Amino acid sequence: MSDQETTGKIAIIGLGLIGTSLGLALKAGGLTETRIIGYDANGGTARTAQKRGAVDETESSAAKAVANASLVIVAVPILNVREVFQEIAHHLVEGATVTDTASTKADVMRWAAETLPETVNFVGGHPMAGKETPGPDQAEAGLFQGRPYCVCPSLSASPEAIKSVTGMAAVIGAEVMYMDPEEHDQYAAAVSHMPLMVSTALFTLTRSSGSWNDLGAVAGPAFTDMTRLASGDPALAMGIWRTNREALIHWLERMAGELGRFRELLKDAQDEVLLKVFAEAQFQREDFLQEPPARRPEPSGVQVDKGKALMDMLIGARLADNLRRGLPPEDDRKASRPAKSTEKDPRISMAERVAEGVKRDLEKMEKKKSGNTIDSEGPGSPQSPE
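In this report, the structure presented in the accompanying data block is examined. Residue numbers restart at each chain and count upward from 1, following the sequence in its written direction. Local features in a predicted model are, by the rule used here, given only for residues with pLDDT of at least 70; side-chain atom pairs are given and counted only at 80 or more, and totals for whole chains, interfaces and linings are based on all residues. To get the side-chain values, all heavy atoms of the structure are used, and hydrogens and water are removed first.

## Some points on the packing of helix α12 (residues 245–267) against helix α13 (residues 271–290)
The axes of two packed helices give the description: the angle between them and the distance between them.
Argument step 1. Angular values range over 0 to 180 degrees, each being the angle between N-to-C directions of two axes fitted as lines to C-alpha atoms, with helices fitted over their stretch in contact. Starting at the N terminus, helices and strands are each numbered in turn, a helix being any DSSP run of H or I of at least four residues and a strand any DSSP run of E of at least two. Packing of α12 against α13 brings their axes to within 9 Å, and their N-to-C directions diverge by 140°. Relative to α13, the element α12 is oriented oblique. Here Arg261, Phe262, Leu265 and Leu266 of α12 lie close against α13, whose contacting residues are Val273, Leu274, Val277 and Phe278.
Argument step 2. The nonpolar class holds Ala, Val, Leu, Ile, Met, Phe, Trp, Tyr, Cys and Pro. Asp, Glu, Lys and Arg form the charged class, and all remaining residues, Gly among them, are polar. Residues that form the contact of α12 with α13 fall into these classes: seven nonpolar, no polar and one charged. Any angle that falls under 35 degrees is termed roughly parallel, while one over 145 is termed roughly antiparallel, one within 65 to 115 roughly perpendicular, and all others oblique. A contact between two residues is defined here by any heavy atoms of the two lying within 4.5 Å.

Set out below in C-alpha cells:
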C-alpha cells in the first residue's frame, strides 16, 4: 500500500449542491496536494462534479470511495445517511474521521453510534448554507464563506478528529459553532426549517385559491422572495420533517400564535400597537443584519490552529496520534537511529513526507494571500476565493 493511498485522501459521498460545493471550496482553499475522491448514486451527478473540478476522481461505490480516506464527508439527503453509514462501516480505515452535512443531528448521531465501528471517529456537522436549487451545477466554492458551520462531536470523538472537521470548516471559510445535537435541531427548526414550511404554506394557500390566475398575474418580488424555498427538493423537505417533527410542531404552534396575535390587533383596530410592532420589527431586523449576535466562543482546548488542523485532515487521526503521542520527540528519534544506517523507519519517513507536503500547502496559501508570487503549479491550479 503506497503512502499516497493512505495519506492526503478525502472522500465525499453525495455530490449534489453541498457535496460539490465542499469539494470546490476545499480545492479553492489551497489543498492542492490532497486527493478528493467522490461518489454519488447518480452517475451523471458524479461526472458533473468531477468535470467541475470538485473531485479528482469518482468511484463506483461508497465503499470504494472511502477506502484509506482519512476524512469522509457524508453529504447525502438525511434519509439516506444511515444506509450510507451501513455501506461504508466495514471499509473505513482505522482512525478515520467521518462527518456529515445533514440538516438535523440527533438521529444522525444515533445512527453513527449504532452503525460505525469504534475504531473511527464521528463528528456531526451541518453547514448553514444552501440554495433552493439543488444539484452540482448550482454548486459554488463560496457557498460557505462566512456562514455558520454547526459541529456536534460524538462523545467518543478524539480531539484530533474534531480539529479535522473544524479545520475543514476553516479552509472553506465557514465559522464553527459547537452545539448539542438536540439543541441544534431546535434552533434549526426555528431559523431554517420553519422558513421552508412558511414559504411552502404561503404558496399552497394562494395557489389553491379560486382567484389564482389573477393572484399569480399580480404577484411581485415580495411573493417571489417569500415563496422561494417552495422550489426546493421535496425529498429533502421530507427528511427534515421526519427527523425533526416535534421541534417543527413546537415552532409551527408558536407561529400560529403569533399570527393569531396579529389577527386580533387587526380585528380590534389597534393601529398604534400594530405600528409599534412593525416599527420595532424593522429596527430589530436592521440591527440583526448589520450586527448579528456574536457567535459562541470555542470551548477550551479545541481552538482551531489552521496549520495543525490541516495536518490532521491530510494525514488522518491515526497518524496524527502517532506523531503526537506514539513516537518519541524528534531529537530522541534521531539519537535512536543507528549511525550510517541506510534503512528508515517507514512510519517516520511517511510522517516526514506528509508533514513536508502540508508545509508546502500552507506556504502556497500564504503566498496566494499576500499576492507576492505566482503559483508554481501553473495556470490550472485552484485559487483562493475572493
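That shown, we press on.
## What to know about unusual backbone geometry
Argument step 1. The backbone of Asn68 shows a phi angle near 70°, a positive value even though the residue is not glycine.
Argument step 2. Summarising the element assignment, Asn68 is placed in the loop between α4 (62–66) and β4 (71–74).
Argument step 3. The backbone of Ala269 shows a phi angle near 50°, a positive value even though the residue is not glycine.
Argument step 4. With respect to the helices and strands, Ala269 occurs in the loop between α12 and α13.
Argument step 5. Whether a residue is buried, partly exposed or exposed follows from its accessible area with a 1.4 Å probe, protein chains only, as a fraction of its type maximum: under 20%, in between, or over 50%, in that order. By relative accessible area, which is 52% here, Ala269 ends up exposed.

## Section: the pairing of strand β8 (residues 175–178)
Argument step 1. Bridge count for strand β7 (residues 148–153) against β8 is four bridges, and the pairing is parallel. The residue bridging Val151 from the neighbouring strand is Tyr178, located in β8.
Argument step 2. Consider the strands pointing away from the viewer: the crossover is right-handed when the path from the first strand over the helix to the second runs clockwise. Traced from β7 through helix α7 (residues 159–171) to β8, the parallel crossover comes out right-handed. When DSSP finds two or more bridges between a pair of strands, those strands are recorded as paired.

## Quick word on the pattern of salt bridges
Argument step 1. For salt bridges, the criterion is a side-chain nitrogen of Lys or Arg within 4 Å of an Asp or Glu carboxyl oxygen. Going through the model one piece at a time under the given rule, you end up with 11 salt bridges.
Argument step 2. Ionic pairing is found between Glu264 and Arg263, a salt bridge with its closest N-O pair at 3.4 Å.
Argument step 3. When its relative accessible area of 32% is taken as the criterion, Glu264 is described as partly exposed.
Argument step 4. Salt bridges linked by common partners bring Lys27, Arg35, Asp56 and Glu57 together as one network.

## Looking at the environment of Ser60
Argument step 1. Within the secondary structure, Ser60 sits in the loop between β3 (57–58) and α4.
Argument step 2. Through-space distance from the C-alpha of Ser60 to that of Gly43 is 8.5 Å; in sequence the pair is 17 residues apart.
Argument step 3. A distance of 3.3 Å separates polar atoms of two side chains, one belonging to Ser60 and the other to Lys64. Here a polar contact means two N or O atoms within 3.5 Å. Within protein one must be a hydrogen donor candidate and the other an acceptor candidate, and residues neighboring in sequence count only if both atoms are side-chain atoms.

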